[in-house]
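Listed below are the residues making up each chain.
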Amino acid sequence: MKKIILLITILIYSSVSFSQILITDPDLDTNSPLDCAANPLLSINFFDSGNNSANYGANENETIVICPDFAGGSSKLRYTVSTATPFIFDVDASDTIFVYDGNNTSAPLIGKYNSNSHPTGFTVTSGFTGNPTGCLTIQFISDGTSEDAGWEANIACVAPPQPFVASMQGFLNGTGADIITPSDTGYSDICFGDSILFIASETFPYSLENTGVGYSQNGNNVTYEWQVTNGIQATGDSLWFKPPARSGYVVSLKITDSFPQIQSVTSKVRVSTIPSFSGVLITRDDICVGDTTVIIGAVTSSDTSGVDPTSASFEAGGTFAGLVELPDGNGINFSDTINISSFIPGQTITSPSDLDKLNINMEHSYLGDLEMILTCPNGTDVTIFNSYSGTNPGFLVPGGFGGGGTFLGNPLDDPSILPGTGSTYLWSTANATWGDFATEFGNGNTIAATQTVGLSMNPNGIYLPEETFGNLAGCPINGDWYITVRDNIGADDGYIFEWGLLFDPAINPNNETYTPQIVSSQWLTAATILPGLPTDTFIVVSSNTAGLLDYTFEVTDNFGCVYDTTVFINYVELPSVSINGSSSVCQGEYQVAGTTSFSGGIWTASGPGNTSFTPNSNNDNPLVNVDVNGTYTFTYTDNRCNKKDSIEVYFADSVFAMITGAEFCVGDEAIIDATSQVPEATYLWNTGSTSESITVTDSGSYYVEITGLCNSNSDTALVTTTICDITYPTALTPNGDGKNDVLFFRGLDHYPGSLLKVFNRWGNLLYESNDYQNNWEPTNLAKGTYFYLLNPGGVLESEIKNKTFTIF
């Protein structure tokens, strides 16, 4: 928030205490330095020779040396000149203020100033390099052309961030010497699978410990942040990194001191890539036993991997890690620069999305007096935001939304102490999630500050800039980009801790690539390499034993990584023909499998029928079909070694079971036959028999299962036994009435083939049958007694019955 400062001018006559200093006063050098406590920031304490009551004189040449007394941790001086009230700055264009960084005019010149060259004023701070005293030497020269009001300005002691050097070292697998070449920002070349132990270090030439002034800087009060482009982030003074892929990685180290001031260092890791072994050639990779072939070894390093800072985890652009102070400026512009150089020369912004984001980490105690613009390398500006609505001369952008006492980040609103903490604010035209600052301020999009009571603009989104990034169309991408911040009102301060430009990775074709170089190569020793021939580029090999033999070609690249490739030679003794599962098959077809040969061959066949090969007989593993089942011999003759190999295949038929039942007399027997035409068939009866047929004497159900190579089949037969006694007739009445007309022997149907002879009383043969079927009707015989002979079944051993019957 703003402070109202009551300036009380006190003149104390002392050698070390001042509240009003004229350019004509004696030097306030190291022997009689400026009393820092009595000359605070923003106080009007430094005047030209007119001493705020008159213009400076003509032809003046006045010089004063002013040095700090280092009180309160201060180490440098700041000289602030402004046109904003209550400052005065009115120096004619013919007159000049010279400011030197040291305790005399031989020190480096910081700058030359007048109202023409710097119409709104300027601020300079004594530097660190070559100026341990922190003094400023101010010289004013007027030429008499025109004398103006001069200046009423401020000289005050400050404790700015003390420059330091950040370094990193890399140790392969944690041991040995530093492998980063050149040191700090070079390359670490390693093999895949190796690790690097990165160690952070820092040098503090201007620390309190080394100079006796300023603030403390040592390894105990700094923080470390590591970032690798594959997304790894870590803290602490060391980082173990094992690359997950054969690629390039950017390793960034950020060291922040207690101010906080940031210094960064970046190195690159290159992981060895697998070389292409496409140049390894074999004249023949399948040869007959005893033959020779040549293997040629060569390497082409065409496999490349990229270190790509435009990847998703490390976007293109630059991030300035140094600190930019935004002191109470009273209308003074503060600028910082980022140099972009990774794009194609001449490449320009063509779309608002080309500049993906503007990223600024900052704090400031009063938004209401700030303006910010971004300037591209050709001088085109876009307004990021304008919160100043006042009338101070020299504003950057007219208008302003009047952000008032709203903070940016978490400031400490006191220029005499160290900064607060920053918040990261993002602006993007293509990817904004919120409106611009003016819109979001109007919507109350703020959060509570954490170090000072008040509200800060919310950093948790992406703002639109007040002017679109599309206005940058035509700007070259390579070159110096500027961020300019104007503080228009006194009694506030702030810092930009870090800022960067993030470009769309898709527009950056300048990816850094690398190609490891092969430095040595050799064939490894093998017993089948013929002696007396070169082994660094080609070898001649031969073997008297069939089989697959390997030969290894080894190379080493300039990263020290060893790679090899293995080639194989198949030494062929015979064509290989194998039985595919079984030598017996069904369905009339057989799939040949496992046949190998150097350059093909041909199949021939012999067997009981015709044979066809699909797709043809020159195929190593054809499908074979036959039209007649049986045993066939198939012979394969290879084209290269003229060797033959044969297989014998039996094409089997399916089995079918069919047995017939029987009926016979008790005491007799019957044969049930199941014989199959398939020779390899086997039988299993429910009686336990494994014969082709069985003899049965009893009635019942008989079951047989027949099994062949292709299938199983079964059948059942029913056997019936009968008591077979014959009833012999004694009388007939062949009168045609259908009753007792036929000579009928009950039970004779069990005796097929029975023999019958009928005689009269005189012995004359009247009827004869070799297979009597109970069908003779004696219609032409007279009544009387007749004789007959019956042989049941016609078997000689059977009993012959000699009986009589009477016709009535």
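### Re the overall build of the protein chain
No. 1: Each helix and strand in the protein chain was counted, giving two helices and 59 strands.
No. 2: Every one of the 808 residues in the protein chain was classed for burial, and the buried ones make up 44%.
No. 3: Just so you have it, the protein chain exposes about 36,300 Å², and 50% of that area is on carbon and sulfur atoms.

### Points about the packing of aromatic side chains
No. 1: Applying the stated criterion across every chain yields a total of 39 aromatic pairs.
No. 2: Summarising the aromatic geometry, the rings of Tyr-113 and Phe-122 are spaced 3.8 Å apart at their centres and angled 10° between planes, so their arrangement reads as stacked. Neither residue differs from the other here; Tyr-113 and Phe-122 are each classed as buried.
No. 3: Seen in terms of ring centroids, Tyr-767 and Tyr-772 are 6.1 Å apart; in terms of plane orientation they differ by 75°. Their pairing is edge-to-face. By the burial criterion, Tyr-767 is buried, and Tyr-772 matches it.
No. 4: An aromatic cluster is present here, built from Phe-46, Tyr-56, Tyr-79, Phe-89, Tyr-113, Phe-122, Phe-140 and Trp-151 joined pairwise through their rings.
No. 5: The ring of Tyr-187 has Arg-270 lying over it, and the distance from NZ or CZ to the ring centre is 4.0 Å.

### With respect to the state of the cysteines
No. 1: Going through the model one piece at a time under the given rule, you end up with five disulfides.
No. 2: For Cys-586, the disulfide goes to Cys-710, at an S-S distance of 2.0 Å. Taking the torsion about the S-S bond as the criterion, the Cys-586 to Cys-710 disulfide, at about -105°, is left-handed. Of the two residues, Cys-586 sits in the loop between β41 (584-585) and β42 (589-591) while Cys-710 sits in the loop between β53 (700-707) and β54 (712-722), which places them 124 residues apart along the sequence.
No. 3: Of the residues examined, Cys-710 reaches a relative accessible area of 24% and is grouped as partly exposed.

### Notes on the confidence of the model for the protein chain
No. 1: Scored by pLDDT, the protein chain comes out at a mean of 86, with 89% of its residues at no less than 70.
No. 2: Note on residues 1-18: pLDDT is under 50 here. Beyond four places in sequence and across chains, it has 35 contacts.
No. 3: For the stretch residues 301-319, pLDDT sits under 50, and the model shows 71 contacts to residues farther than four places along the chain or on other chains.

### Focus: the environment of Ile-360
No. 1: Structurally, Ile-360 is set in strand β26 (residues 355-364).
No. 2: By relative accessible area, which is 0% here, Ile-360 ends up buried.
No. 3: The spacing of Ile-360 and Thr-424 is 64 residues in sequence and 5.5 Å in space, taken between C-alpha atoms.
No. 4: The contact partners of Ile-360, leaving out residues within four places of it in the chain, are Met-372, Ser-423, Thr-424, Tyr-425, Trp-427, Ile-483, Ile-496, Glu-498 and Trp-499.

### Description of the sheet that holds strand β9 (residues 136-141)
Neighbouring strands of a sheet are bound in pairs by backbone hydrogen bonds; such pairs are parallel or else antiparallel.
No. 1: In spatial order, the strands read β3-β9-β6-β7; together these four strands make up an open sheet with antiparallel pairing. On the outer flanks of this sheet lie β3 (61-66) and β7 (109-113), each paired with one strand and no other. Between one strand axis and the next, the sheet turns through 15° on average, direction left out of account.
No. 2: One ladder, built from five bridges, connects strand β6 (residues 96-100) with β9; its direction is antiparallel. When the bridges of β9 are listed, Tyr-100 appears paired with Thr-137.

### Section: the side chain of Ser-423
No. 1: One can find Ser-423 in strand β29 (residues 423-427).
No. 2: The residues contacting Ser-423, other than those within four sequence positions of it, are Ile-360, Asn-361, Met-362, Gly-409, Asn-410 and Pro-459.

### Details of the environment of Asn-51
No. 1: Within the secondary structure layout, Asn-51 lies in the loop between β2 (46-47) and β3.
No. 2: You can call Asn-51 partly exposed: its relative accessible area is 24%.
No. 3: As a C-alpha pair, Asn-51 and Ala-149 span 98 residues in sequence and 9.5 Å in three-dimensional space.
No. 4: With sequence-adjacent residues up to four places away left out, Asn-51 is seen in contact with Gln-20 and Leu-22.
No. 5: Within the local environment of Asn-51, its side chain forms a polar contact with the side chain of Gln-20, the two groups lying 2.6 Å apart.

### Some points on the pattern of salt bridges
Close approach of charged atoms lets side chains of opposite charge pair.
No. 1: Applying the stated rule across the entire model yields five salt bridges.
No. 2: Residue Arg-270 is joined to Asp-189 by a salt bridge in which the shortest nitrogen-to-oxygen separation is 2.8 Å. On the criterion of sequence distance, the pair formed by Arg-270 in strand β18 (residues 262-271) and Asp-189 in strand β12 (residues 187-190) is long-range, its members being 81 residues apart.
No. 3: A relative accessible area of 27% means that Asp-189 is categorised as partly exposed.

### Considerations on the sheet that holds strand β51 (residues 682-685)
No. 1: Read from one edge to the other, the open sheet built from four strands follows the order β49-β54-β53-β51, with strand pairing classed as mixed. Every other strand in the sheet has two partners, leaving β49 (662-665) and β51 as the edge strands with one partner each. Here the average twist between neighbouring strands, direction ignored, is 25°.
No. 2: Here four bridges tie β49 to β54, and the two strands are oriented parallel to one another. Bridge assignment links Glu-663 to a residue of β54, and that residue is Thr-720.

### Considerations on the nonpolar core
No. 1: One finds Phe-198, Trp-226, Val-269, Ile-295 and Tyr-551 to be the most contacted residues of the largest nonpolar core, which totals 41 residues.
No. 2: Not counting residues up to four positions away in its chain, the partners in contact with Tyr-551 are Ile-295, Trp-523, Ala-526, Thr-528, Ile-529, Ile-539, Val-541, Thr-565, Thr-566, Val-567, Ile-569 and Tyr-571.
No. 3: Counting 37 residues, the second largest nonpolar core, distinct from the first, contains Ile-340, Cys-376, Leu-472 and Phe-503.

### Structural notes on the pairing of strand β47 (residues 630-638)
No. 1: When you tally the buried positions in β47, you get seven out of nine residues, the bulk of the element.
No. 2: Relative to β47, strand β44 (residues 601-606) runs antiparallel, the two being bridged by six bridges. Across the sheet, residue Trp-603 finds its bridge partner in β47, namely Tyr-636.
No. 3: Remark: five residues form the turn of the hairpin made by β47 and strand β48 (residues 644-651), two consecutive strands paired antiparallel; Asn-642 in that turn has positive phi of roughly 55°.

Rules behind the numbers
Numbers given for residues are sequential positions, taken from 1 along each chain in its written order. Per-residue local features are limited, in this predicted model, to residues with pLDDT of at least 70; the limit for side-chain atom pairs, both in listing and counting, is 80 or more; totals at the level of whole chains, interfaces and linings are taken over all residues. Remark: hydrogens and water are excluded; side-chain values derive from all non-hydrogen atoms of the structure. Segments assigned H or I by DSSP are reported as helices when at least four residues long, segments assigned E as strands when at least two residues long, and all are numbered from the N terminus. Relative accessibility decides the category of a residue: with a 1.4 Å probe and only protein chains considered, values under 20% of the type maximum give buried, values over 50% give exposed, and everything between is partly exposed. For every accessible area listed, the method is Shrake-Rupley and the probe measures 1.4 Å; residues are considered covered only by the protein chains on display. Only Phe, Tyr and Trp rings are paired, with Trp represented by its six-membered ring, and only when their centres lie within 6.5 Å; those with planes under 30 degrees apart are stacked, over 60 edge-to-face, the remainder tilted. Whether a charge sits over a ring depends on NZ of Lys or CZ of Arg being within 6 Å of the ring centre and within 35 degrees of the ring normal. When two cysteine sulfur atoms lie within 2.5 Å, the pair is treated as a disulfide. pLDDT is a per-residue confidence score from the predictor, ranging from 0 to 100. In what follows, residue pairs with any heavy atoms lying within 4.5 Å of each other are defined as contacts. Strand pairing follows a simple DSSP-based rule, namely that at least 2 bridges must link the two strands. Throughout, an axis means a line fitted to C-alpha atoms (over the contacting stretch in the case of helices), and angles, computed between N-to-C directions, take values from 0 to 180 degrees. For the purposes of these results, a polar contact is taken to be a pair of N or O atoms within 3.5 Å, where, inside protein, one atom must be able to donate a hydrogen and its partner to accept one; residues adjacent in sequence count only when each atom of the pair is a side-chain atom. Here, a salt bridge means any Lys or Arg side-chain nitrogen found within 4 Å of an Asp or Glu carboxyl oxygen. Buried residues of nine kinds, namely Ala, Val, Leu, Ile, Met, Phe, Trp, Tyr and Cys, make up a nonpolar core once their side-chain atoms join them within 4.5 Å.

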